[in-house]
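Structural description and commentary
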Amino acid sequence: MLTPNTLKTWTWLHKWSSLVCTVFMLLLCLTGLPLIFHHEIGHLLGTEVEAPAMPADTPRASLDRILAVAQAQHPDRVVQYASQPDDSTDLWFVTLTPTPAPTDDFRSVAVDARTAEVLAQPRFDEGFMWVMLKLHVDLFAGLPGKLFLGFMGLLLVVAIISGVVLYAPFMRKLQFGEVRRDRSTRVKWLDLHNLLGIVTLVWACVVGATGVVNTWADLIVKYWQHDELTALLAPYQGQPLTPVAERGSLQQSLDAALAQAPGTRLSFIAFPGTAFSSPHHNTFFLRGDAPLTSRLLEPVLVDARTAKVTAAPELPWYLTALLVSQPLHFGDYAGMPMQILWAVLDIATIIVLGSGLYLWVARRRTQPQGAAAAARQEGPGSGPAPQPGPVVARVLR
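Residues numbered from 1 in each chain as written. Predicted model: local features only at pLDDT ≥ 70, side-chain atom pairs only at ≥ 80, totals over all residues. Heavy atoms only, no water.

Some thoughts on the nonpolar core
So the rule is basically this: Only buried Ala, Val, Leu, Ile, Met, Phe, Trp, Tyr and Cys residues count toward a nonpolar core, and they belong to the same one when joined by side-chain atoms within 4.5 Å. Burial status follows relative accessibility: with a 1.4 Å probe on protein chains alone, a residue under 20% of its type maximum counts as buried, one over 50% as exposed, and anything between as partly exposed. Under the DSSP-based scheme used, a helix requires at least four consecutive residues in state H or I and a strand at least two consecutive residues in state E, with every element numbered from the N terminus.
With 28 residues, the main nonpolar core has Cys21, Met25, Leu35, Trp203 and Trp342 as its most contacted residues. Of all the secondary-structure elements, those providing two or more residues to this core are α1 (4-36), α4 (128-137), α5 (142-170), α7 (201-215) and α11 (335-365). For this core, the element with the highest residue contribution is α1, accounting for 7 residues.

Following this line, the structure appears as structure tokens:
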């Protein structure tokens, strides 16, 4: 049983944690909704690149040739990453930037993995989905924007926990999930707010917590570089970035990496000097074929000069948590059924957010005497609003 003072503290905590983050949670819910279906929207808009149909036994072009073709499209840039889609090995996406350092100034070249022909040069830094993504990830403010949204996510978790604590005493005299339709509009919205808030509780906690983890992605990767890679790179201490002209065969490097981890397939390649590699290695991130292992990456560091494997460290727990949280955040684990479920829960949370704001404004407009009388009339359901919804953030893959 909560004492009056304890109840007052929880009420204050729920009220202000909710009010501070609600507007940003609304923004993230609204921008996150189309991002749940980003592949489907891409197909609808015709922005998704698809490889032409060919016999399954069509030979594959050398990765060195793929890279050369992509580089020829932007000779003034360096190759930062190369990857293949989750559902196809017939395409290569090569990312080129002015320098290996992280940047938003990038160009993508889609190359057919069999013919080494350029299929498209999609622009992922413009259009409707890009605006949704940037608003969703960092508010167009880079790392400070990500960390700010992460703090809003922490406030969301506080609001959810405090809302749960307050739910029981405020609902003592009501049946679970009851909506008093014969009462005032404010009371009906209050009951609906409480009902949807408790129904979406677990989902909001999961999506909110994974969203917070995603906002820390840049810092997590930097810590991994400092904590894990420093010891592995001791033999290369003092050596400059390996020049492109002195690098060995990328195809041989890929073959060596796959031989190091049998039963895996490539997710993406990070080239020397990039955030996910070292100045002296091509780092191949491999994944398994099972639903869970397909989300867990195994890095294999291959010397850029000799094309020989130098290390295959296990990912630390914090990077594993990041990799697992990203698809869980957007419902990418179980195909369309889970995406639809995520969208329904997202919409329900938008209603929770909107009703919470309405209840707060309606209470503010009520005179103190009238508010006290209304609270006595409404009974135990007149608890504080709002309980906000999920943080929906995505990290660029």
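Regarding the packing of aromatic side chains
For any two aromatic rings, the description comes down to two numbers: the centre-to-centre distance and the angle of the planes. Formally: Here a Phe, Tyr or Trp ring, Trp counted by its six-membered ring, pairs with any other such ring whose centre lies within 6.5 Å, and the pair is stacked when the planes are under 30 degrees apart, edge-to-face when over 60, and tilted otherwise.
Using the criterion set out here, one finds 13 aromatic pairs in the structure. Both rings, one in Phe268 and one in Phe276, keep their centres 5.7 Å apart while their planes meet at 85°; by these two values the pair is edge-to-face. Judged by relative accessible area, Phe268 falls into the buried class, the value being 17%. Geometrically, the ring pair formed by Phe268 and Phe285 is stacked, given 4.5 Å between the ring centres and 10° between the ring planes.

Remarks on the packing of α1 against helix α2 (residues 38-45)
For clarity, the cut-off: For helices, the fitted line uses only the C-alpha atoms of the stretch in contact; every axis is such a line through C-alpha atoms, and the angle between N-to-C directions lies from 0 to 180 degrees. Each angle gets one of four labels, with under 35 degrees taken as roughly parallel, over 145 as roughly antiparallel, 65 to 115 as roughly perpendicular, and the rest as oblique. Here, residues are in contact when the closest pair of their heavy atoms is within 4.5 Å. Under this grouping Gly is polar, as are all residues other than the nonpolar Ala, Val, Leu, Ile, Met, Phe, Trp, Tyr, Cys and Pro and the charged Asp, Glu, Lys and Arg.
Taken N-terminus to C-terminus, the directions of α1 and α2 make an angle of 70°; their axes are 5 Å apart at the nearest point. Our classification of the angle between α1 and α2 gives roughly perpendicular. Every residue of α2 that contacts α1 at Pro34, Leu35 and Ile36 is listed here: His38, Glu40 and Ile41. Class assignment for the residues of the contact of α1 with α2 results in 4 nonpolar, 1 polar and 1 charged.

With respect to a nonpolar patch on the surface
As a reminder, the rule being used: Patches were defined on residues exceeding 30% relative accessible area and lacking a salt bridge, with like-charge contacts within 9 Å and nonpolar side-chain contacts (Val, Leu, Ile, Met, Phe, Trp, Tyr) within 5 Å. Method for areas: the Shrake-Rupley scheme with a 1.4 Å probe, in which residue coverage is limited to the protein chains shown. One side-chain nitrogen of Lys or Arg within 4 Å of one carboxyl oxygen of Asp or Glu is enough to make a salt bridge.
Taken together, the side chains of Leu143, Leu147, Phe151, Leu154, Trp216 and Leu219 present a nonpolar region at the surface, about 500 Å² in accessible area. Top element by residues in the nonpolar patch is α5. It accounts for 4 residues. By the element assignment, Leu154 lies in helix α5.

Some thoughts on the packing of helix α6 (residues 185-199) against α11
Condition: Handedness of a crossing is defined here by the sense of rotation of the near helix relative to the far one, left-handed for an anticlockwise turn of less than a right angle and right-handed for a clockwise turn.
Contact geometry of α6 with α11 gives a least axis separation of 9 Å together with a crossing angle of 145°. The hand of the α6/α11 crossing is left-handed. Contacts between α6 and α11 involve Thr185, Arg186, Trp189, Leu190, His193, Leu196 and Gly197 from the first element and Ala348, Ile351, Val352, Ser355, Gly356, Tyr358, Leu359, Ala362 and Arg363 from the second. A per-class count over the contact of α6 with α11 returns 9 nonpolar, 5 polar and 2 charged.

Structural notes on the side chain of Thr242
Of note, Thr242 is situated in the loop between α8 (217-232) and α9 (250-260). Looking at Thr242, the relative accessible area reads 1%, which means it is buried. Excluding residues that lie within four positions of it along the chain, Thr242 makes contacts with Arg247, Pro279, His280, Ala304 and Arg305.

Examining unusual backbone geometry
Residue Leu139 is not a glycine yet carries a positive backbone phi of 55°. Considering the arrangement of structural elements, one finds Leu139 in the loop between α4 and α5. Within the chain, Ala307 stands out as a residue other than glycine whose phi angle is a positive 60°. Considering the arrangement of structural elements, one finds Ala307 in the loop between β7 (297-303) and β8 (309-311).

Observations concerning α8
Test applied: To estimate the expected span of a helix, subtract one from its residue number and multiply by 1.5 Å. Working definition for bend: take the seven residues up to and ending at a residue and the seven starting at it, fit an axis to each, and measure the angle between the axes.
Relative to the 22 Å expected for 16 residues at 1.5 Å per residue, α8 spans 22 Å between its end C-alpha atoms, a close match to the ideal helical length. Maximum bend of α8: about 30°, positioned at His226. For α8, the full list of buried residues reads Ala217, Ile220, Val221, Trp224 and Leu229. Looking at the packing, one finds that the buried side of α8 touches α7, β6 (281-287), β7 and α10 (317-330).

What about the side chain of His136?
Going by this rule: Here a polar contact means two N or O atoms within 3.5 Å. Within protein one must be a hydrogen donor candidate and the other an acceptor candidate, and residues neighboring in sequence count only if both atoms are side-chain atoms.
Take His136: it is sitting in helix α4. With a relative accessible area of 0%, His136 lands in the buried category. A distance of 2.8 Å separates a polar atom in the side chain of His136 from a polar atom in the side chain of Thr31.

Side note on the pairing of β6
Applied cut-off: DSSP-based pairing: two strands are paired if at least 2 bridges between them are found.
The element β6 is largely enclosed, with a buried count of 7 among its 7 residues. Judged by which residues are buried, β6 turns out to be covered on both faces: His281, Thr283, Phe285 and Arg287 on one side and Asn282, Phe284 and Leu286 on the other are all buried. One ladder, built from 5 bridges, connects strand β5 (residues 265-270) with β6; its direction is antiparallel. Across the sheet, the residue bridging to Ile269 is Phe284, located in β6. Where β6 and β7 come together, 7 bridges link them in antiparallel fashion. If you follow His281 over to β7, its bridge partner there is Asp303.

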